[in-house]
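Observations on the three-dimensional arrangement
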Amino acid sequence: MDSFGTAFLFSLETQTTIGYGLRVVTPHCWMGFLMVIIQSVFSCLVDGILIGCIFAKLARPKKRAVTLKFSKCACIAERDGQLCLMFRIGDIRSSHLYGVTIRAQMMRPRITQEGECIPLFCYDLDLKSKNHDNNLLLVWPMIITHQINADSPLYDYSAEEIKNADFEIIIILEGVVEQTGLLCQARTSYLPSEIKWGERFSSALMTLYDEWERQFSVDYKQFNKTYPVSDMPMCSARELDEKRFQEREGLDLESLRGYQHGYQHKRLLDIKTQEAVKEYRPNSRQQSNGSCEPREEKAGLASMESLEQLEQNISNSYLRSPSRQSNV
């Protein structure tokens, strides 16, 4: 190495592991220098791209989504006095996802106010409740619920109408894999024929494995098992809410009317009693000489019979006519 060219070729051969044999590129040809540099940089880029593609292919969590289980059917039953759509999810791997979120959408046709038909319109199903939101800790199988209230697109469906309905409920679950930190997504859907009205998921899949250490075991053979619910209303959630509202309003109205009737009855009875007592005067009066002279007026003493008759007259006066009685 007696010049800059020979030193540069030695550094390039060392970096690219060409070797220290017979030197083909001499320091007298600068074009050879340029070609070796371009080849070295290009080979590094090709190696980096190929290694990145292979790593991305192997690190994709495609097989991770297979280990996320969804129930084969969904159920509609009452929970805490409210009709709910329920389905079950679970993770069968020992390494769990974190940052799990779940959302549901309902696809069905929609007719606008102008008469336009939208064949596939997306309705969001709220999976949040007062007990949990849509961020889940998916350590054991969970039952996800959607309350069928006035904001739900399932509010007007009854047990018979849902069998012939035309919609599809899509469930999307997303989470981050612990090992790679990549996002994993799993999807499923439920048709109206896959929704069971009046059934709940069985809780027999979780049993106490070790009583001393309080460990539970999960039997995934019972993952899709359901059981029927007795006294399940077959009407829609709207009709059920209207019936309960009428019953509640009817009870409140009758109790209010009974209270008002009793208060007015007692008030009138007290007034009549006071008037009867005022009419009472002694049968004799004392004269100036100390002797008693009987009065000629007849005393208006309120006897027990008169009070009972007065009470009966007051109660009869407050009877409602049949034409104003409520059907509730």
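Note that the coordinates shown come from a computational prediction; the quantities given were computed from them, not determined experimentally. Residue positions are given per chain, counting from 1 as you read along its sequence in written order. In view of the model being predicted, local features appear only for residues whose pLDDT reaches at least 70, and side-chain atom pairs are presented and counted only at 80 or more, with totals across whole chains, interfaces and linings using the full set of residues. Computation of side-chain values: all heavy atoms of the structure, hydrogens and water removed.

Some words on unusual backbone geometry
Stated formally: Helix and strand definitions follow DSSP, with helices as H or I runs of at least four residues and strands as E runs of at least two, each counted in order from the N terminus.
A positive phi is found at aspartate 80, a non-glycine position, where the angle reads about 60 degrees. The phi torsion at aspartate 231 lies on the positive side, around 55 degrees, for a residue other than glycine. Within the secondary structure layout, aspartate 231 lies in the loop between β14 (226-228) and α4 (237-279).

Thoughts on the environment of aspartate 231
Worth spelling out the cut-off: The buried label goes to any residue with under 20% of its type's maximum accessible area, the exposed label to any with over 50%, and the partly exposed label to all in between, with areas taken from a 1.4 Å probe on protein chains only.
Taking relative accessible area as the criterion, aspartate 231 reaches 76% and is therefore assigned exposed. Residues aspartate 231 and glycine 198, 33 residues apart in the sequence, show an inter-C-alpha distance of 8.7 Å.

A closer look at the side chain of serine 202
Which entries qualify depends on this criterion: Whether two residues are in contact is decided by their heavy atoms: any pair within 4.5 Å suffices.
Position of serine 202 among the secondary structure elements: in the loop between β11 (199-201) and β12 (206-210). Those residues in contact with serine 202 that lie beyond four places of it in its chain are Arg88, Lys225, Thr226 and Tyr227.

Description of a negative patch on the surface
Stated precisely, the cut-off is as follows: Excluding any residue in a salt bridge, patches collect residues exceeding 30% relative accessible area, merging like charges within 9 Å and nonpolar Val, Leu, Ile, Met, Phe, Trp and Tyr side chains within 5 Å. All accessibility values rest on the Shrake-Rupley procedure with a 1.4 Å probe; residue burial counts only the protein chains present in the view. One speaks of a salt bridge when a side-chain nitrogen belonging to Lys or Arg is within 4 Å of a carboxyl oxygen belonging to Asp or Glu. In this tally, Lys and Arg are treated as positive and Asp and Glu as negative; His is ignored, and so are the chain termini. One atom stands in for each charge, and that atom is NZ of Lys, CZ of Arg, CG of Asp or CD of Glu.
Together, Glu160, Glu161, Glu239 and Glu242 make up a negatively charged patch on the protein surface. By the secondary structure assignment, glutamate 239 is in helix α4. Relative accessible area serves as the criterion here: at 39%, glutamate 239 is assigned to the partly exposed category.

Some points on the pattern of salt bridges
Summed over all chains, the structure comprises 3 salt bridges. In this structure, glutamate 78 and arginine 244 form a salt bridge, with 2.3 Å as the shortest nitrogen-oxygen distance. Of this pair, glutamate 78 sits in strand β2 (residues 74-79) while arginine 244 is found in helix α4, placing the two residues 166 residues apart along the sequence. Residue classification places glutamate 78 among the buried residues on the basis of a relative accessible area of 19%. When its relative accessible area of 29% is taken as the criterion, arginine 244 is described as partly exposed. Between glutamate 174 and arginine 103 there is a salt bridge, with its nearest N and O atoms 3.7 Å apart. One end of the pair, glutamate 174, is in strand β8 (residues 168-176); the other, arginine 103, is in strand β4 (residues 98-111), and 71 residues separate them in sequence. By relative accessible area, arginine 103 is classed as partly exposed at 40%.

A word on the packing of aromatic side chains
Worth spelling out the cut-off: In this scheme Phe, Tyr and Trp rings, the latter by its six-membered ring, pair at centre separations within 6.5 Å, and the angle between planes marks the pair as stacked below 30 degrees, edge-to-face above 60, and tilted otherwise. For a ring to carry a charge above it, either NZ of a lysine or CZ of an arginine must fall within 6 Å of the ring centroid while also lying within 35 degrees of the normal to the ring plane.
Under the criterion given, the structure shown has 4 aromatic pairs. Taking 4.9 Å as the distance between ring centres and 65 degrees as the angle between the ring planes, the aromatic pair formed by phenylalanine 121 and tyrosine 123 counts as edge-to-face. When the ring centre of phenylalanine 223 is taken as origin, the NZ or CZ atom of lysine 69, which lies over that ring, is 5.5 Å away. Its end group placed over the ring of phenylalanine 121, arginine 110 keeps NZ or CZ at 4.9 Å from the ring centre.

Some thoughts on the confidence of the model for the protein
Inclusion rule: Per residue, pLDDT captures the predictor's confidence, and it can take any value from 0 to 100.
Here the protein averages 75 in pLDDT, while 69% of its residues score no lower than 70. Taking the mean pLDDT of every element in the protein, the minimum, 43, falls on strand β15 (residues 284-286) and the maximum, 94, on strand β10 (residues 195-197). Taken as a whole, residues 280-305 scores under 50 in pLDDT and shows 22 contacts with residues more than four places along the chain or in a different chain. Contacts from residues 317-328, a stretch scored under 50 in pLDDT, to residues over four places away or in other chains number 11 contacts.

Looking at helix α1 (residues 4-15)
An α-helix turns once per 3.6 residues; consequently, residues spaced three or four apart project the same way. What counts here: Each residue after the first adds 1.5 Å to the expected span of a helix. Here the arc refers to the directions that run from the helix axis out to each C-beta atom.
The end-to-end C-alpha distance of α1, which contains 12 residues, comes to 17 Å, matching closely the 16 Å that a straight helix rising 1.5 Å per residue would cover. Those residues of α1 that fall on the buried side of the exposure criterion are Gly5, Thr6, Leu9, Leu12 and Glu13. Seen end-on, α1 carries its buried residues on one side only, within an arc spanning 125 degrees. Facing away from the buried side of α1 by over 90 degrees, the exposed positions are Phe4 and Gln15. Threonine 17 sits one or two residues past α1 and shows a positive phi near 50 degrees.

Description of a nonpolar patch on the surface
Taken together, the side chains of Leu137, Val139, Trp140, Met206, Leu208, Phe216 and Val218 make up a nonpolar region of the molecular surface, amounting to roughly 620 Å² of accessible area. Secondary structure elements with two or more residues in the nonpolar patch: β12 and β13 (215-218). By the element assignment, methionine 206 lies in strand β12.

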